[in-house]
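Commentary on secondary and tertiary structure
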Amino acid sequence: MESHVRRHRLLACFWLLLLLLAALFLFFERAAWSARVDADLLALLPEDERHPALKMAQKAISAQGERQLALLVSAPDASRARQAARMLRASLADSALTEQGGAAGIADDAAAGGAWLPADFYFPYRQGLMSAADREWLLFATPEEARERALALAYAPFASGSVSWLDDPFGFFGNWLQSLAEATPLRPSGGELMLERDGRFHAALLYALPGSAFDAQLQEALMARLDAARQMLQQEFPEARLLRAGVALHAAAATRQAREEMRLIGMGSLLACFLLVGLVFQSARALKLVLLSLVSGALVAFLAVFSLFARVHLLTLVFGASLIGVAVDYAILVFAQHLGNTEPVWERFRRLLPTLCMVLLAPALAYLALALTPFPGLKQMAIFAVCGIFGAWMSVVCFYPYLLPQTLPLPRNAHWMGRLLDHWPRWQNSGKAWGLMFVLAVFILGGLLQLRANDDIRSLFAGDPGLMAEQGEVLRVLQLPSPAQMFLLSAESAEQLLQREENLIEQLRPLVAAGKIDGFEATSRWLPSQARQKENRAGQEKLAASRKALAREMELAKDWAEKTDAPLLTPEAGLSLPMRQAAALWLGETHPGKYASMVLLKGLREKETAAALAQFTGEGISWIDQTRDISDLMQRYRRLLTQTLLAACLLLPLLLYPFFRREVWRLFAPVLLAGLTTLAVMGYLDVPVQMLSILALLLTLGMGVDYAIFLAARQTHAHTLLATTLAATLTLASFGLLALSATPALRALGLTATLGVTLSWLLTPVFRRGAGNQR
Amino acid sequence: MKNSFIAVPGRRAVLLLLLALPALCCAAENLLEEVRSRLTSSPVIRGEFQQTRKLAQIKKPLVSHGRFLVARNYGVLWENTRPFTQITRLTHGEILQTDGKKTLMKLDASKEPVVKIVNGILFSVLSGDVAALAQTFDYHGKAEGKNWQLEFTPRDKNLAQMIRALRLAGERDIASVEMENAAGDVTRIEFRAQTYARELSADEQKRFE
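Rules behind the numbers
- Residues numbered from 1 in each chain as written.
- Chains lettered and ligands numbered in written order.
- Predicted model: local features only at pLDDT ≥ 70, side-chain atom pairs only at ≥ 80, totals over all residues.
- Helix = DSSP H or I, 4+ residues; strand = E, 2+ residues; numbered from the N terminus.
- Buried ≥ 20, exposed ≤ 12 C-beta atoms within 10 Å, placed from the backbone.
- Contact = placed C-beta atoms within 7 Å.
- Nonpolar A, V, L, I, M, F, W, Y, C, P; charged D, E, K, R; others polar.
- Axes fitted to C-alpha atoms, helices over the stretch in contact; angles between N-to-C directions.
- Parallel < 35°, antiparallel > 145°, perpendicular 65-115°, else oblique.
- Left-handed = near helix turned anticlockwise from the far one by under 90°.
- pLDDT = per-residue confidence, 0-100.
- Expected span 1.5 Å × (residues − 1).
- Pairing = 2+ DSSP bridges.
- Core = buried A, V, L, I, M, F, W, Y, C linked by C-beta atoms within 7 Å.

Let's shift gears to the overall build of chain B. Looking only at helices and strands, chain B has six helices and 11 strands in total. Residues classed as buried in chain B amount to 29% of the 209 residues present. Residue pairs at least 24 apart in sequence account for 39% of intrachain contacts in chain B once pairs closer than 6 positions are excluded.

Here you go:
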């Protein structure tokens, strides 16, 4: 006994020290760690281990995409749209945004379209540069046709451009430059980048953010400026419409949303906690003790996630706020045991300890299941949850024996509870009970048959619907490629990689012609492989006769028709161009002797097309459908969690069998029924099952078993029922608040848990032991 | 009174300046108005042309002849008859070039938005819509007696990468158009025998379909 106490004291001191250190660390480093909290949408996505280059591809895409901000001002009249764009630019002039393209320098910016690229750069290499259409034409052209084509160009009254006829008699180079312009529908017009679509004139303002899109301060400043600009625009140009697109906007909305939710769930749970604990136990000391336990939990949880993760997602904190209702259970359990109890505190604690250990284990295991998934965001939530409840539990175990009052007054409502329990229906082996069970079974079966699953990746994002629509519209109008689906290519050399791209593009062209996709973007469009350039030159050798005839006809110097050996455009030279499109897709030498690049698609709309594209894979070419891959992954983990749930349902009774013997069914019958009924209700309500709803069922199992253990521990004493009721109510308050979250996955978790916990709490007393068969 | 007026040259100078001021500030505007008032405005213009192209670094001028048709709301038909047949049709959405039978070239505005801009400019040039040109180009020139001359240079530096200058001259009709592109090629078109009409013939309408 004495040694127990000494050991316990040592543990308590150690724990206290740890908590103090954690508090000090978190306090002094608060500026550093609060800067590490963000709402990065991508942080929730798993890293794909199958393609090492994919990680780089994603990084490259997000690195360039993250900081971009596109504003589209449209009006029915081109000059009004232009004026509106100018006003918008002026109103954003002193913000930290840097304008790209637009009035700032179209000519030297590839974003403005290929036609405006320095034709001078490509000029020395022109013999090897041909558009796909001209390559095809050349295959079948006769020398006479070629001569006619060149003459027609020479006589054409409206030939415009900067390349002279002498340098490009057949127009191949001009057409190739023209084909580059397909990269964007934007064209400079009156000092703005404009395009016309559906009878409206759009002016595009393209900006780059000065810092990360997930920088909360930057987001706030940006949103304030944009809101002000939009208001001014509405006053001056009521007919103009402003569309915005950019990661920062979504991140800002997500940050705002998550902060609100965190406040709502955190404050709501805390309030419910203090209110109920205060009302039931009517003790200021009890409130302080609850606070101590919760603060310890929070300290440990924060310390854990901030030391284990470089960035902490706001959703983790939203989810964490919902843990208050779970973490408070231990304190309540201990208080309940003290009600009207006159035993020495230590004695009581010793008896309670096994129960306390068991009730820690069940939810902790359930949360740990979350850590098994490869989703970094979910892992973070799991660590936060396990550490949080462990911290709260440790403080209860370490400090409460010293701090608890000798006894807590038995509240009046406890008697009332006891009476209620007496009247609560109880399972009896009667025909009526089995009849009811049959009805319930039919209800459950009916619901389960209607249950459907949803593994959509979008359940992880709480995109603001208005902003999402704006973003979609901007992508559509600007014909930007989607980064969600792409081809990832790899090869042993830059040249081989370019050749692979070209082969793939040959396969894509029929799809473009058929209207299945709008187009594609690839480095090789800007930088043809040397093999392709040589091929083009060789193809043009058959034009020697035509050139001679033309030289005679146009009275040109003899050597004009002679073949000259111009240089080939090398990857090194081609990639040195400040061309954002080309450079962004080119991942370069990812590993020694390994080159990788991406080919992006525009206007991929149908699933069937995506399925067809998936068939284009070959050596060094893989098709990446991130939306589908992640959905597949979520499906896989939904199944894995379901298996875990089933295994837990089988293993937990076995584990608990030594303690409860044949009474073990009383612990599991209510929670199993509750879980099945929850699923059935979801089926009837057409709420799809997803990964996190299975997790909620795991939590329900953990907590339901807890309640049953509470009840069994003190043979359905009224105070135990009180404790369970209180614990369940608080858990429900937290999960109920979580069900209000805008993030669909968290909402599903909250909803399922609320339903499951309510049902298991209602059902647990039904399977209590009768007065007759108490042990 | 008269004396004092002469005796105070300073005052007279001020008066002259005041009188001259509106003329100075609106000289450019007036020039456009002048030209517009002289030019015959008509929905349909038909005529013949002789085109002389001087390509950069090529001595031999390329001369061709043909007919043209400029129709408001339709576009331009440019028919080269000598030294070879070639028909260029400019409409709102495309540029189409045929040799009378098969298509030689087709540029679609939905694929290449610049087509719209180029077609707009060419239509303005051939129909003598100097006011429309003045929106995208800087201009200067003179109008003396029946004759007028205007030179347009692009205000937009991107347009300047295609067109260096446009020069128009004429009386009641446009007599000549000179287009200089960025590569230094100069196309000079002289017009003859212009006739004006209110509407296209049914046959002509068909050619725009």
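There is more to say after this.
Within chain A, the regular secondary structure consists of 30 helices and 13 strands. Seen through its C-alpha atoms, chain A measures out along the principal axes to roughly 120 × 55 × 50 Å. Expressed as a percentage of its 775 residues, the buried residues of chain A come to 47%.

This brings us to the interface of chain A and chain B. Listed by partner, the interface residues are 31 residues for chain A and 34 residues for chain B. Elements represented by at least two residues in the side of chain A that touches chain B include exactly helix 7 (143-155), strand 4 (187-189) and strand 5 (192-197) of chain A. Grouping the amino acids of the side of chain A that touches chain B by side-chain chemistry returns 19 nonpolar, eight polar and four charged.

The next subject is the packing of helix 7 of chain A against helix 22 (residues 544-553) of chain A. Residues and elements named next belong to chain A. The N-to-C vectors of helix 7 and helix 22 enclose an angle of 45°; their axes lie 8 Å apart at closest approach. When the axis of helix 7 is compared with that of helix 22, the two are oblique. The chirality of how helix 7 crosses helix 22 is right-handed. Only Ala545, Ser546, Ala549 and Leu550 of helix 22 make contact with helix 7, whose side of the interface consists of Pro143, Ala146, Arg147 and Ala150. Considered class by class, the residues forming the contact of helix 7 with helix 22 number six nonpolar, one polar and one charged.

Turning our eyes to something else, we now look at helix 8 (residues 172-180) of chain A. Residues and elements named next belong to chain A. With seven of nine residues buried, helix 8 is to be regarded as a mostly interior element. For helix 8, the set of buried residues is Phe172, Phe173, Gly174, Trp176, Leu177, Ser179 and Leu180. Where helix 8 is buried, its residues contact helix 5 (119-122), helix 6 (132-140) and helix 20 (523-526).

Quick look at the confidence of the model for chain B now. All names here are of chain B. Here chain B averages 79 in pLDDT, while 86% of its residues score no lower than 70. Within chain B, helix 1 (residues 2-7) has the poorest average pLDDT of any element, 37, and strand 2 (residues 62-71) the best, 92. Within the model, pLDDT remains below 50 along residues 1-26, and this stretch shows one contact once partners closer than five positions in the same chain are excluded. If you check the scores for this complex, the pTM reads 0.72 and the ipTM reads 0.80.

This paragraph deals with the confidence of the model for chain A. Per-residue pLDDT for chain A has a mean of 82; in total, 91% of the residues score no lower than 70. Low pLDDT (under 50) marks residues 102-116 of chain A, which in the prediction has 47 contacts with non-local residues, meaning those over four places away or in another chain.

So, on to helix 4 (residues 114-127) of chain B. All names here are of chain B. Taking 1.5 Å per residue as the helical rise, helix 4 with its 14 residues ought to reach 20 Å, and the 20 Å between its terminal C-alpha atoms agrees with that figure. When you tally the buried positions in helix 4, you get 11 out of 14 residues, the bulk of the element. Considered for burial, the residues of helix 4 that qualify are Val114, Val115, Ile117, Asn119, Ile121, Leu122, Phe123, Ser124, Val125, Leu126 and Ser127. Count one or two residues on from helix 4 and you reach Gly128, which has phi positive near 70°.

For the rest of this paragraph, the subject is the sheet that holds strand 5 (residues 94-98) of chain B. Taken together, the 11 strands give an open sheet; going across it, the order is 6-5-4-3-2-1-11-10-9-8-7 (chain B), and neighbouring strands pair in antiparallel fashion. Of all strands in the sheet, those bounded by a partner on one side alone are strand 6 (103-108) and strand 7 (137-144) of chain B. Taken over all neighbouring pairs, the strand axes of this sheet differ in orientation by 15° on average, direction set aside. The strands that helix 7 of chain A touches are strand 1 (44-54), strand 2, strand 3 (75-82), strand 4 (86-90) and strand 6 of chain B; relative to strand 2 of chain B, the one it contacts most, it runs at about 70°. Lying over the sheet, helix 4 of chain B contacts strand 1, strand 2, strand 3, strand 4, strand 5, strand 6, strand 9 (163-170) and strand 10 (174-181) of chain B, oriented at roughly 75° with respect to strand 3 of chain B.

This part takes up the nonpolar core. All names here are of chain A. The biggest cluster of nonpolar side chains holds 173 residues, and the ones touching the most others in it are Val318, Leu695 and Leu698. Among the elements that line this core, the one with the most residues is helix 28 (residues 691-713), at 17 residues. With sequence-adjacent residues up to four places away left out, Leu695 is seen in contact with Ala369, Leu370, Leu641 and Leu749. In this structure, Leu180, Leu488, Leu543 and Leu604 belong to the second largest nonpolar core, which totals 56 residues.

Residues and elements named next belong to chain B. Omega for the bond connecting Arg82 with Pro83 falls within 30 degrees of zero, at 0°, which places this linkage in the cis form. Among the structural elements, Pro83 can be located in the loop between strand 3 and strand 4. Not every positive phi belongs to a glycine, and Gln57 is a case in point at roughly 65°. For Ala193, which is not a glycine, the phi torsion comes out positive at approximately 50°. Taking the number of C-beta atoms within 10 Å as the measure of exposure, Ala193 has 10 and is therefore exposed.

Mapped onto the elements, Lys60(B) comes out in the loop between strand 1 and strand 2. For Lys60(B), a count of 13 C-beta atoms within 10 Å translates into the label partly exposed. Discounting chain neighbours no more than four positions away, the residues touching Lys60(B) are Met554(A) and Glu555(A).

Turning to the pairing of strand 6 (residues 200-208) of chain A, a few remarks are in order. Residue and element names in this part refer to chain A. In terms of burial, strand 6 is largely enclosed, as seven of its nine residues are buried. Where strand 2 (residues 68-75) meets strand 6, eight bridges bridge the pair, whose relative direction is antiparallel. For Gln68, the partnering residue across the bridge sits in strand 6 and is Ala208. One ladder, built from five bridges, connects strand 5 with strand 6; its direction is antiparallel. Bridging across to strand 6, Glu196 finds its partner in Phe201. Between the antiparallel neighbours strand 5 and strand 6 lie two residues, among them Asp198 with a positive phi of about 50°.

Residues and elements named next belong to chain A. In contact at an axis separation of 10 Å, helix 10 (residues 247-281) and helix 13 (residues 324-338) are set at 15° when each is read in the N-to-C sense. Judged by the inter-axis angle, helix 10 sits roughly parallel to helix 13. Where helix 10 crosses over helix 13, the handedness of that crossing is right-handed. Residues Gly266, Ser269, Leu270, Cys273 and Phe281 of helix 10 form the contact with helix 13, whose participating residues are Ile324, Gly325, Val328 and Phe335. For the contact of helix 10 with helix 13, the per-class residue count stands at six nonpolar, three polar and no charged.

So, on to the pairing of strand 11 (residues 186-197) of chain B. Residues and elements named next belong to chain B. Bridge count between strand 1 and strand 11: 10 bridges; the pairing is antiparallel. Each residue of the ladder has a partner; that of Glu48, found in strand 11, is Arg192. Examined bridge by bridge, strand 10 and strand 11 share five bridges and lie antiparallel to one another. Bridged to Glu180 within strand 11 is Val186.

Here we take up the environment of Ile95(B). All names here are of chain B. Mapping Ile95 onto the fold places it in strand 5. Classification of Ile95 by C-beta neighbours within 10 Å gives buried; the count is 21. C-alpha of Ile95 to C-alpha of Ser110: the two residues are 15 residues apart in sequence and 11 Å apart in space. The residues contacting Ile95, other than those within four sequence positions of it, are Leu90, Leu107, Val115 and Asn119.

Here we come to the environment of Phe767(A). Residue and element names in this part refer to chain A. Turning to its location among the elements, Phe767 is positioned in the segment after helix 30 (744-763). Residue Phe767 is classed as buried on the basis of its C-beta count, with 20 C-beta atoms lying within 10 Å. As for Phe767 and Leu651, which are separated by 116 residues in sequence, their C-alpha atoms are 20 Å apart. With residues up to four places along the chain from it excluded, the contact list for Phe767 reads Trp427, Arg666, Ala669 and Pro670.

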